[in-house]
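Structural overview for review
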Amino acid sequence: MLGLFRKKKSNTVLGIDISSTAVKLLELSHNGKRYRVEAYAVEPLPAGAVAENNISDLEIVGAALGKAASKSRSSQKKTAVAVSGAAVITKTVEMPASLSDDDMETQIAIEADQYIPYPLDEVAIDFEVQGLSEKNPEKAEVLVAACRRENVEMREAALNLAGLKAHVVDVEAFALERCCELLPVPDEAKEKDSLMALVDIGALVTTLNVIQNGKTIYTREQLFGGKQLTEEIQRRYGLSEDEANAGKLSGELPDDYESEVLKPFTDAVVQQVSRGLQFFFSSSHFNDVDHIVLAGGTASLPGLEEMVSEKLGTSVQVANPFAEMAVAGRVKAGELTRNAPALMIACGLAMRSFD
């Protein structure tokens, strides 16, 4: 029953992010305080292979994982993979600090039906002790996380098809939190109690995570993403989806692309970021954030960083967790930098090697 995001005694694991448009694989090594990128690969997925955070076509996803593993030339077989935060129920409970891990596990298994609305035989569940309660030092704060077992099993099955093994099953939001530790953020974003807004702009969904002291305090998903730009390029210029995506990345599109297509879309992105923050402010006692980080493939659009900063009056950066890392000789540093905003989850998962 237990074992959602627990890691057994291990060595290096490959961080693998399975999204709606691609599988992303990353291997890190660690020497002292410095990380090094040993291998990475991105392999696209056809539309519909992953839908609403669930694997719909096991064979296609398994084949893509196999191609990514081969392309990366990594010899590692153990992996860390994540389930979507939207598919996970998390709850922090207080338990006697004197309990052993085994005793906590037993008690959580007994009490789980109080906070999990699914039949327990359909659920993968795990816990992690966060520390002593500030209000009562005899109590420990324990994070309990649970999701439907099929979400975990489908990822394990896809990895098995590629000759890989799921060693860790984590939660995407936790992987993002972990990866944020690597970002070279400005000083004001490093201060205690400062707020960082991480805006992950995916193909279909934009997720806002507000992080304080390394922990996510607010999450909101909006149905908006880079696929809308791809579809507008297709419609306006009569291109296939592959041609539109290639043009979007290279910028090799007709002369009116920037003014007629790209500019309206970036305006819409800025509006979505602003709207997401307004929902956060209205549901909390905060009225500002100290720093904004843009992640996801869409974050690299020309001028987006400057537009968001100008509109919201806040320092903004495009995520690059590899900015201060060394890079192995077999890794193409330029490609890695271009893909960096979309590799945040994979990077946070690869960091599980060094817990």
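No experiment lies behind these values; they were computed from the predicted model shown. (Residues numbered from 1 in each chain as written. Predicted model: local features only at pLDDT ≥ 70, side-chain atom pairs only at ≥ 80, totals over all residues. Heavy atoms only, no water.)

A look at the sheet that holds strand 7 (residues 88–96)
On the basis of which strands lie adjacent, the open sheet formed by three strands has the order 7-9-8 and antiparallel pairing. Of all the strands in the sheet, the pair left with one neighbour each is strand 7 and strand 8 (123–132). Each strand of the sheet is rotated relative to its neighbour by a mean of 25°, with strand direction disregarded. The pairing of strand 8 with strand 9 (residues 139–148) spans nine bridges and is antiparallel. Its bridge partner being in strand 9, Glu128 is matched across the sheet by Leu143. On the sheet, helix 2 (residues 101–111) packs against strand 7, strand 8 and strand 9 and is oriented at approximately 130° with respect to strand 8. (Pairing = 2+ DSSP bridges. Helix = DSSP H or I, 4+ residues; strand = E, 2+ residues; numbered from the N terminus. Axes fitted to C-alpha atoms, helices over the stretch in contact; angles between N-to-C directions. Contact = heavy atoms within 4.5 Å.)

A short note on the nonpolar core
With 37 residues, the main nonpolar core has Leu26, Leu28, Phe322, Met344 and Cys347 as its most contacted residues. Going through the elements one at a time, strand 2 (22–31), strand 3 (34–44), strand 6 (78–83), helix 4 (172–180), strand 11 (195–201), strand 14 (291–295) and helix 10 (344–350) are the ones with two or more residues in this core. Not counting the four nearest positions on each side in its chain, Leu28 is found in contact with Thr12, Tyr35, Arg36, Val37, Glu38, Met325, Cys347, Ala350, Met351 and Phe354. In terms of nonpolar packing, the next biggest core, distinct from the first, is built from 32 residues, Val261, Val269, Phe286 and Leu304 among them. (Core = buried A, V, L, I, M, F, W, Y, C linked by side-chain atoms within 4.5 Å. Buried < 20%, exposed > 50% of the residue type's maximum accessible area, 1.4 Å probe, protein only.)

Quick look at empty space enclosed by the protein
Within this structure, the stated rule accounts for one cavity of 30 Å³ or more. When its volume is computed, the largest cavity comes out at roughly 30 Å³. In this structure, the largest cavity is lined by Val199, Thr206, Leu208, Gln222, Gln272, Val273, Gly276 and Leu277. Looking at the lining of the largest cavity, the elements with two or more residues in it are strand 12 (206–212) and helix 7 (257–282). At four residues, helix 7 tops the list of elements feeding residues into the lining of the largest cavity. (1 Å grid on protein atoms, 1.4 Å probe; cavity = no way out; pocket = protein on both sides within 12 Å on 5 of 7 lines; lining within 4 Å. Points joined across faces, edges and corners; volume = space filled by probe spheres on them.)

Considering the sheet that holds strand 6
On the basis of which strands lie adjacent, the open sheet formed by six strands has the order 10-6-1-2-3-16 and mixed pairing. Two strands close off the open sheet at either side, each with one partner strand: strand 10 (165–171) and strand 16 (326–327). Note: strand 2 against strand 3, 10 bridges, orientation antiparallel. Within strand 3, the residue paired with Asn31 across the bridge is Arg34. Its contacts with the sheet place helix 1 (residues 58–72) against strand 1 (14–18), strand 2 and strand 3, and it is angled at close to 135° to strand 3.

Things to note about the pattern of salt bridges
When the charged atoms of two side chains lie near each other, side chains of opposite charge can form a pair. Going through the model one piece at a time under the given rule, you end up with 11 salt bridges. Across the pair Arg352 and Asp170 runs a salt bridge, and its minimum N-O distance is 2.8 Å. Placement of the pair is Arg352 in the segment after helix 10 and Asp170 in strand 10, with a sequence separation of 182 residues. Taken as a pair, Arg352 and Asp170 share a single burial class, namely buried. Across the pair Arg236 and Glu232 runs a salt bridge whose closest N-O atoms are separated by 3.7 Å. Here the residue Arg236 and the residue Glu232 both occupy positions in helix 5 (residues 227–237), the gap between them amounting to four residues, near one helical turn. Its relative accessible area of 33% is what places Arg236 among the partly exposed residues. Its relative accessible area of 25% is what places Glu232 among the partly exposed residues. (Salt bridge = Lys/Arg side-chain N within 4 Å of Asp/Glu carboxyl O.)

A short note on helix 3 (residues 149–161)
Counted at 1.5 Å a residue, the expected span for helix 3 with its 13 residues is 18 Å, and the 19 Å between its end C-alpha atoms agrees. Among all positions in helix 3, only Asn151, Val152, Arg155, Ala158 and Leu159 are buried. Along the axis of helix 3, the buried residues cluster in a sector spanning 130°; they form a single face. In the segment just after helix 3, Gly163 is the residue with positive phi, at about 75°. (Expected span 1.5 Å × (residues − 1). Arc of directions from axis to C-beta.)

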